[in-house]
Amino acid sequence: MIFRLWSSSAPERPAIKVTTFIVLLAFYYGFVLNYPVLREIFSLSKDVPDVWFPYTAPWVLFFAFVIVFSLFAVPVIMKPFMAILTLTSAVALYGAVNYHILFDVSMIENVFGTNASEISFYLNLRSVLYMLVFGIFPTLLIFWVRVEYRRSWLRELLSRIILVLLALVGIAIIAVTTYKDYASVGRNNKYLNKMIIPAHAYDTYKYIKLNYLTKPLPYVSLGNDATLVVTENEKPTLVIFVLGETARSMNFKDNGYSKDTQPYTKNLGLISFKNVSSCGTYTALSVPCMFSNMERIDYSKARANAQDNALDIIAKSGTETLWIDNDGGDKGVAKKTPLINIDPTENDDLCNGETCFDEVMLKHANTFIQADDKNKLIVLHTIGSHGPTYFQRFPVEKAKFAPWCNRKDIEQCTDQEITNVYDNTLVYTDYFLSQVVATLKKYSSQYNVAMMYMSDHGESLGESGLYLHGTPYSIAPKEQSTVPWLMWVPKQYADQKNIDLDCLKKESQQSKYSHDNFFHSLIGFYGVNTKEKQMQMDVFTTCKKMS
């Protein structure tokens, strides 16, 4: 009875023809969801003589969407398809408006590599409102309206053909009047096509096809000839490599930054390489790339997954390896390496249920070191400066710069507050590195000890309107592609590995390097000989003492 009363009083669902439905959807996508690319076109059109050129852009998108949506407007498929497309487009809109993110294939890979904890970093009132207003509400409308198809499939086909032809005519008219303007703006700003929403749907398809629907390459074993050079003092080697997250080189005091972001290591004699570029602008690409023997220009994820990396080769020399992860996974690098993933829900003063401070990894490192006295290489994958929740990356007592942004929606903070909170993450990273050094010093009587630190990519903090990272490498700013590379090499280690420290310090200031050098340099730094290491790519080659 109650249901019948509710049904009789509920408003009747409106019914519209499928062609009208297509037009409404095309209008929403062309004029609303694509606001970021329209805004960019209006900005770029300042030097275009035709004042009406930017006003044609939403109509071009509208006509294009009419054609595309006409292909998917079939019973059963259309509504679920458009619902998924609209919900994901709302996410893309939020990222584009607030952080200037481009959702191309590289960003899709980054999204697929994000875990639940990292997703929570982006949840705030603003992002939820975006999902409600631009995603959920329109999706509910899509399911609420009754879409009517013509009784005859022939009449339906004819009406669809007429609609598509009208859209083509619209595009043709605009092309005749403004083609030169589109050609000029498009030729000089090729990133515009990456900004169109929902281009991410096609890029998602390409990512899934490449990673899940393509047969893996045959596995290639590398470095089977790897041997560890015996040191003169016959002590085993202990190296800790700290893999940084989202640290950009120009904000390090050792690299000329005006603020003291390295107060804890300034007396430890760290060597800082000033000019180092990354393989990518996001973790899922940079991390496996830097551990592979491939250079950025010819890097292939499929090949990287199907061959041994630097860790695997060093392990073949008789070295025990361990990967401790506090940043959402090893991205496939530790496929043959023992792996410890830090659980942010564990009962520890350094964790809050969502994330942990990087210090939590040291207790696991100590346990591994103390197990025996064999050669060891430990990778500590830090959460470092992972945004946008920079304020969660350091204990409050370690904050050095104020005022700093202490909220998830960083777009509501001033640029100064964002820079300060980011710099505070670097201060804590510096503290963490000092603790790594202190840990290694405890074992210097048993081992030849050393530390290396390198970040996977950089970060934008509002420069040119960009925030976070993941911008396509071809147009990425230096803030996202320039990374720190630090080393702590005590005299004992340098003597046993025949490293000329004075030469290394000069080299770090004068030469340009990249993630391309890391594979060869890590193997060389540890003291492993293998034909897989290219001497000219090892930064230590020119600074080797004659033994």
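Residues numbered from 1 in each chain as written. Predicted model: local features only at pLDDT ≥ 70, side-chain atom pairs only at ≥ 80, totals over all residues. Heavy atoms only, no water.

Looking at an unreviewed UniProt entry, one finds the chain named Phosphoethanolamine--lipid A transferase, with Vibrio casei as its source organism. On record in UniProt, under Subcellular location (unreviewed entry), the comment for the chain is "Cell inner membrane". (UniProt positions renumbered as here; feature names shortened; annotations may be inferred.)

(A) Looking closely at the state of the cysteines. All chains considered together, the criterion is met by four disulfides. Put simply, C279 and C289 are joined by a disulfide, and their sulfur atoms are 1.9 Å apart. Taking the torsion about the S-S bond as the criterion, the C279 to C289 disulfide, at about 70°, is right-handed. Here C279, found in the loop between β6 (275–277) and α12 (283–291), pairs with C289, found in helix α12; they are ten residues apart in sequence, far enough to count as distant. Put simply, C503 and C543 are joined by a disulfide, and their sulfur atoms are 2.1 Å apart. On the sign convention where negative is left-handed, the bridge of C503 and C543, at about -70° about the S-S bond, is left-handed. (Disulfide = S-S within 2.5 Å. Helix = DSSP H or I, 4+ residues; strand = E, 2+ residues; numbered from the N terminus.)

(B) Examining unusual backbone geometry more closely. For the bond running from I197 to P198, omega is 15°, close enough to zero to count as cis. By the secondary structure assignment, P198 is in the loop between α10 (192–195) and α11 (199–212). Here the residue pair A402 and P403 is connected by a cis peptide bond, since its omega of -5° sits within 30 degrees of zero. By the element assignment, P403 lies in the loop between β9 (376–381) and α16 (415–442).

(C) How the structure looks around the domain arrangement of the chain. Its domain assignment divides the chain into domain 1 (15–212) and domain 2 (230–537). Domain 1 and domain 2 are separated by 39 Å when their C-alpha centres are compared. At the interface, 24 residues of domain 1 touch 30 residues of domain 2. When domain 1 packs against domain 2, close to 2,200 Å² is buried across both sides, 52% of that on carbon and sulfur atoms. Here domain 1 and domain 2 share one salt bridge between them. Measuring nitrogen to oxygen at the nearest pair gives 3.5 Å for the salt bridge that ties E411 to R126. Put simply, the parts of the chain that give the side of domain 1 that touches domain 2 at least two residues each are α5 (78–99), α6 (105–112), α7 (116–120) and α11. (Domains from an automatic or database assignment. Contact = heavy atoms within 4.5 Å. Buried area = accessible area lost by both parts, 1.4 Å probe. Salt bridge = Lys/Arg side-chain N within 4 Å of Asp/Glu carboxyl O.)

(D) Representation of empty space enclosed by the protein in the model. Per the stated rule, a full pass over the model turns up three cavities of 30 Å³ or more. Looking at the largest cavity, its volume works out to about 90 Å³. Together, 13 residues line the largest cavity, and I101, F103, K194, M195 and I197 are the ones closest to its centre. At the level of elements, α5, α10 and α11 are the ones that each hand at least two residues to the lining of the largest cavity. Considered class by class, the residues forming the lining of the largest cavity number ten nonpolar, two polar and one charged. As a volume, the second largest cavity reaches approximately 60 Å³. In terms of lining, the second largest cavity is formed by P288, S292, A304, N305, Q307, N309, K331, G332, V333 and K335. (1 Å grid on protein atoms, 1.4 Å probe; cavity = no way out; pocket = protein on both sides within 12 Å on 5 of 7 lines; lining within 4 Å. Points joined across faces, edges and corners; volume = space filled by probe spheres on them. Nonpolar A, V, L, I, M, F, W, Y, C, P; charged D, E, K, R; others polar.)

(E) Quick peek at α6. Restricting attention to buried positions, one finds in α6 the residues S106, M107, I108, E109 and N110. The elements touched by buried residues of α6 are α11, α12 and α13 (301–305). (Buried < 20%, exposed > 50% of the residue type's maximum accessible area, 1.4 Å probe, protein only.)

(F) Local environment of the packing of aromatic side chains. If you walk through the whole model with that rule in mind, you get 34 aromatic pairs. Seen from their ring centres, F72 and F81 are 4.3 Å apart, and the 10° between their planes marks the pair as stacked. Of the residues examined, F72 reaches a relative accessible area of 34% and is grouped as partly exposed. Ring pairs connect the aromatic residues F27, F31, W59, F62 and F63, which therefore count as one cluster. Across from the ring centre of F368, 5.7 Å away, lies the NZ or CZ of K376, which sits over that ring. (Phe/Tyr/Trp six-rings, centres within 6.5 Å; stacked < 30°, edge-to-face > 60°. Lys NZ or Arg CZ within 6 Å of the ring centre and 35° of its normal.)

(G) Main features of the pairing of strand β4 (residues 237–244). Counting buried residues along β4, eight of its eight residues qualify, which places the element largely inside the surrounding structure. Taking every second residue as pointing to the same face, both faces of β4 are buried, with T237, V239, F241 and L243 on one and L238, I240, V242 and G244 on the other.

(H) Region of interest: the environment of D260. Following the sequence through the fold, D260 ends up in the loop between β4 and β5 (271–273). A sequence separation of 141 residues divides D260 from F401, and the C-alpha atoms of the two residues are 9.6 Å apart. Other than its neighbours up to four places away in sequence, D260 contacts K253, K266, K400, F401 and V427. For D260, the side chain forms a polar contact with the main-chain nitrogen of Q262, separated by 3.3 Å. (Polar contact = N/O pair within 3.5 Å; in protein donor to acceptor, adjacent residues only side chain to side chain.)

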